[in-house]
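Structural description and commentary
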Amino acid sequence: MNIGFDYPLFFLLLLLIPCFFRCKRENIKIYFSKTDFLPKFWLPKKDFLIVSIFILLVASLTSPFLYSFIQTNQKKGRDLVLAIDASGSMGFDMDGKSKFQRVLELSKDFLKKRFDDNIGVVVFGSFAYIASPVTYDLKALNFILDYLDTSIAGNSTAIGEAIYQSIKALEKSNAKNKVLILLTDGYHNSGQISPKEAIKLAKEKNIKIYAIGIGDEFDKKLLQKIASKTKGKMFTAKNSEDLKNIFDELNTLEKSPIRSGNYINKRELFIFPLSIALFLIFYYIIKNRRLT
């Protein structure tokens, strides 16, 4: 079971808790000439009863609930493939970690922001292969990324085959928007498919390619051609900060719409904190009457 809240913004009211301890009662005299007849809602230092009541009432306002899972009404996102260079040179250092590790870390963070996209992963080196078909199961994708490593597909760079395998991963897609994010740090020097052939096919399939060159030793002209021919964009990442900024920009350029859906086996919980709060209020009133 999972927990959710219909109105989570009410949690902001908890920011008022310090006022129970620090706000002075004399401030009320600005609005009332006499305050003796008002209930004494300000707490002694060690009395947390009113704060507890306040927290419980706020919890009720957020309308918490339990649910089994969310049933999606409609898939609105794009189909997207990450084509990741795993050649030997991707094992070289970039700000304390290998370029490949940096790419994987930022790819995982990127996936968290894709609310309703169908995403696949292609890995390439001397050859390319589909590590994951396009899927909505982003948890499974993260699991697959954890098992990737440099040289897993050889030490050369088959950019043409990377694009071709990405197109294959997208060939059954009915999405209007099809996007390929190609990450590489080298020159095309392997594979049976030339970049020219792959670009032509991507253009025919209406697949937009964002090409990211990592480090200093990559084929900038080729990546620019790939991006321009497919109406995408080419980026250069010389360090991990550049790479992070590029992923952030891609998330803006290709926004993922939030899916709509229904909660299955939804069980409202607001009655529990509300009941406890009402009981404590009743107890507080009785207690004060006895003291007076």
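Residues numbered from 1 in each chain as written. Predicted model: local features only at pLDDT ≥ 70, side-chain atom pairs only at ≥ 80, totals over all residues. Heavy atoms only, no water.

**Thoughts on the overall build of the protein**
Along its length, the protein carries nine helices and 13 strands. Here the protein holds 292 residues, and 40% of them are scored as buried. Excluding contacts between residues fewer than 6 apart, the proportion of contacts in the protein whose partners are at least 24 apart in sequence is 77%. By element, 56% of the accessible surface of the protein is carried by carbon and sulfur atoms, the whole surface being about 17,200 Å². (Helix = DSSP H or I, 4+ residues; strand = E, 2+ residues; numbered from the N terminus. Buried < 20%, exposed > 50% of the residue type's maximum accessible area, 1.4 Å probe, protein only. Contact = heavy atoms within 4.5 Å. Areas by Shrake-Rupley, 256 points an atom, 1.4 Å probe, with all protein chains shown as cover.)

**Looking at the confidence of the model for the protein**
On average, residues of the protein score 84 in pLDDT, and 83% of them are at 70 or above. This model gives residues 27–32 a pLDDT under 50, and the stretch forms five contacts once residues within four places in sequence are excluded. Confidence over residues 41–46 falls short of pLDDT 50; this stretch has 12 contacts with residues more than four positions distant or in other chains. (pLDDT = per-residue confidence, 0-100.)

**Observations concerning the pattern of salt bridges**
Applying the stated rule across the entire model yields 10 salt bridges. The salt bridge partner of Arg102 is Glu105, with a shortest N-O separation of 3.8 Å. Of the two residues, Arg102 and Glu105 both sit in helix H3 (residues 99–112), three residues apart, roughly one turn of that helix. By relative accessible area, Glu105 is classed as partly exposed at 36%. Of the charged contacts, one joins Asp248 and Lys113 as a salt bridge, the two residues approaching to 3.3 Å between their closest N and O atoms. Linking Asp248 in helix H8 (residues 240–253) with Lys113 in the loop between H3 and strand E7 (118–124), this pair joins segments that are 135 residues apart in sequence. Residue Lys113 is classed as partly exposed on the basis of its relative accessible area, which comes to 30%. Salt bridges here are not isolated pairs; linked through shared partners, they connect Asp109, Lys113, Lys244 and Asp248. (Salt bridge = Lys/Arg side-chain N within 4 Å of Asp/Glu carboxyl O.)

**Examining a nonpolar patch on the surface**
A grouping of Ile3, Phe5 and Phe11 is seen on the molecular surface, where their side chains present a nonpolar patch of about 260 Å² in accessible area. Mapped onto the elements, Phe5 comes out in strand E1 (residues 2–5). (Patch = residues over 30% accessible without salt bridge, like charges linked within 9 Å, V, L, I, M, F, W, Y side chains within 5 Å.)

**Quick look at the packing of H3 against helix H4 (residues 138–146)**
Running from N to C, H3 and H4 point in directions that differ by 175°, and their axes come no closer than 10 Å. Put simply, H3 runs roughly antiparallel to H4. In contact with Leu104, Ser107, Lys108 and Leu111 of H3, H4 contributes Leu138, Leu141, Asn142, Leu145 and Asp146. The class makeup of the residues in the contact of H3 with H4 is five nonpolar, two polar and two charged. (Axes fitted to C-alpha atoms, helices over the stretch in contact; angles between N-to-C directions. Parallel < 35°, antiparallel > 145°, perpendicular 65-115°, else oblique. Nonpolar A, V, L, I, M, F, W, Y, C, P; charged D, E, K, R; others polar.)

**Topic: the sheet that holds strand E10 (residues 207–214)**
Here six strands make up an open sheet; going across it, the order is E8-E7-E4-E9-E10-E11 and the pairing mixed. Only two strands of the sheet have a single neighbouring strand rather than two, namely strand E8 (128–135) and strand E11 (233–237). In this sheet, neighbouring strand axes are inclined to one another by 15° on average, regardless of whether the strands run parallel or antiparallel. One ladder, built from seven bridges, connects strand E4 (residues 79–85) with E7; its direction is parallel. Looking across to E7, one finds that Val81 is bridged to Gly120. On the sheet, H4 packs against E4, E7 and E8 and is oriented at approximately 160° with respect to E8. (Pairing = 2+ DSSP bridges.)

**Some words on the packing of aromatic side chains**
The full count for this structure, using the stated rule, is six aromatic pairs. Here Phe110 and Phe247 contribute two aromatic rings whose centre-to-centre distance is 5.5 Å and whose plane-to-plane angle is 55°, an arrangement assigned as tilted. Of the two residues, Phe110 is situated in helix H3 and Phe247 in helix H8; the sequence distance between them amounts to 137 residues. We classify Phe110 as buried; its relative accessible area is 3%. Consider the rings of Phe143 and Tyr147, whose centres lie 5.1 Å apart with planes at 50°: the pair is tilted. Assigned by exposure class, Phe143 and Tyr147 land together as exposed. (Phe/Tyr/Trp six-rings, centres within 6.5 Å; stacked < 30°, edge-to-face > 60°.)

**Describing the environment of Phe235**
Structurally, Phe235 can be placed in strand E11. Given the relative accessible area of 6%, Phe235 is considered buried. Excluding residues that lie within four positions of it along the chain, Phe235 makes contacts with Tyr210, Ala211, Ile212, Gly213, Ile246, Glu249, Leu250 and Leu253.

**What to know about the environment of Ser190**
Turning to its location among the elements, Ser190 is positioned in the loop between strand E9 (178–184) and helix H6 (195–204). Separated by 62 residues in sequence, Ser190 and Ala128 place their C-alpha atoms 9.9 Å apart. Beyond its immediate sequence surroundings of up to four residues, Ser190 is in contact with Ser126, Ser156, Thr157 and Ala158. Within polar-contact distance, the side chain of Ser190 engages the backbone oxygen of Ser126 at 2.7 Å. (Polar contact = N/O pair within 3.5 Å; in protein donor to acceptor, adjacent residues only side chain to side chain.)

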